[in-house]
Amino acid sequence: MTTPALQPAAAATLAQWHALVTQQNLDSLPDLLHPQAVFRSPMAYKPYNGAPLVSLILNTVLKVFEDFTYHRELATADGLNVVLEFSATVSGRELKGIDMIRFDESGKIVEFEVMIRPMSGLQALGEEMGRRLAPLLAAKQVN
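Residues numbered from 1 in each chain as written. Predicted model: local features only at pLDDT ≥ 70, side-chain atom pairs only at ≥ 80, totals over all residues. Heavy atoms only, no water.

### Describing the side chain of aspartate 99
Item 1. Tracing the backbone through its elements, the reader meets aspartate 99 in strand 5 (residues 93-103).
Item 2. Buried within the structure, aspartate 99 lacks any salt-bridge partner; lysine 96 is the closest side chain of opposite charge, at an N-O distance of 13 Å.
Item 3. Polar contacts involving the side chain of aspartate 99 include one to the side chain of tyrosine 70, which spans 2.6 Å.
Item 4. The contact partners of aspartate 99, leaving out residues within four places of it in the chain, are Tyr70, Val82, Val83, Leu84, Phe86, Phe112, Glu113 and Val114. (Helix = DSSP H or I, 4+ residues; strand = E, 2+ residues; numbered from the N terminus. Buried < 20%, exposed > 50% of the residue type's maximum accessible area, 1.4 Å probe, protein only. Lys, Arg positive; Asp, Glu negative; His and termini not counted. Salt bridge = Lys/Arg side-chain N within 4 Å of Asp/Glu carboxyl O. Polar contact = N/O pair within 3.5 Å; in protein donor to acceptor, adjacent residues only side chain to side chain. Contact = heavy atoms within 4.5 Å.)

### Considerations on helix 2 (residues 51-64)
Residue pairs three or four apart in sequence face the same way in an α-helix, which turns once every 3.6 residues.
Item 1. With 14 residues, helix 2 extends 20 Å from end C-alpha to end C-alpha; this agrees with the ideal 20 Å at 1.5 Å per step.
Item 2. In terms of burial, helix 2 is a largely internal element, 12 of the 14 residues being buried.
Item 3. Buried within helix 2 we find Ala51, Leu53, Val54, Ser55, Leu56, Ile57, Leu58, Asn59, Thr60, Val61, Leu62 and Val64. (Expected span 1.5 Å × (residues − 1).)

### Some words on unusual backbone geometry
Item 1. Going from arginine 117 to proline 118, the amide bond is cis rather than trans, its omega being -10 degrees.
Item 2. Looking at where proline 118 falls in the secondary structure, it is placed in the loop between strand 6 (109-117) and helix 3 (119-140).
Item 3. A positive phi angle is found at glutamine 24, which is not glycine, with a value near 50 degrees.
Item 4. When you line up the elements, glutamine 24 lands in the loop between helix 1 (8-23) and strand 1 (33-40).

### A short note on the pattern of salt bridges
Item 1. Overall, the coordinates contain 6 salt bridges when judged by the stated rule.
Item 2. We note a salt bridge from glutamate 111 to arginine 40, for which the minimum N-O separation is 2.5 Å. With glutamate 111 in strand 6 and arginine 40 in strand 1, the pair connects residues that are 71 residues apart, well separated along the chain.
Item 3. By relative accessible area, which is 33% here, arginine 40 ends up partly exposed.
Item 4. With its nearest N and O atoms 3.2 Å apart, the salt bridge here joins glutamate 111 to arginine 102.

Given below as structure tokens:
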């Protein structure tokens, strides 16, 4: 069995994503996002739409996570989707999760979906993200 590879533009974007996460500085993240990028949270029913909002959420979560580490990377046969397995700690709670990232043909991130377990880790993340994002989201009048 062969492992599928990402298309070159998607692979380049993913390499940039990994570099930004390693540096713990997502200042140039907007350059990687499609203007209508979508973020799907493990805590929210509705997706968050638009590159500025996706960037805000990902910048915040990077500050909330402690000991964040990617472990495995799996690509789809079309080369436009990747699943990244990770672990982290939030408020003393260990968690594991996956980032599912979809790219367009030019390599821009069009969708970023996160799934997390166990429930105690997800709850700790939700509480801390809510505390940090609520005032910012209210200011942007986001539902």
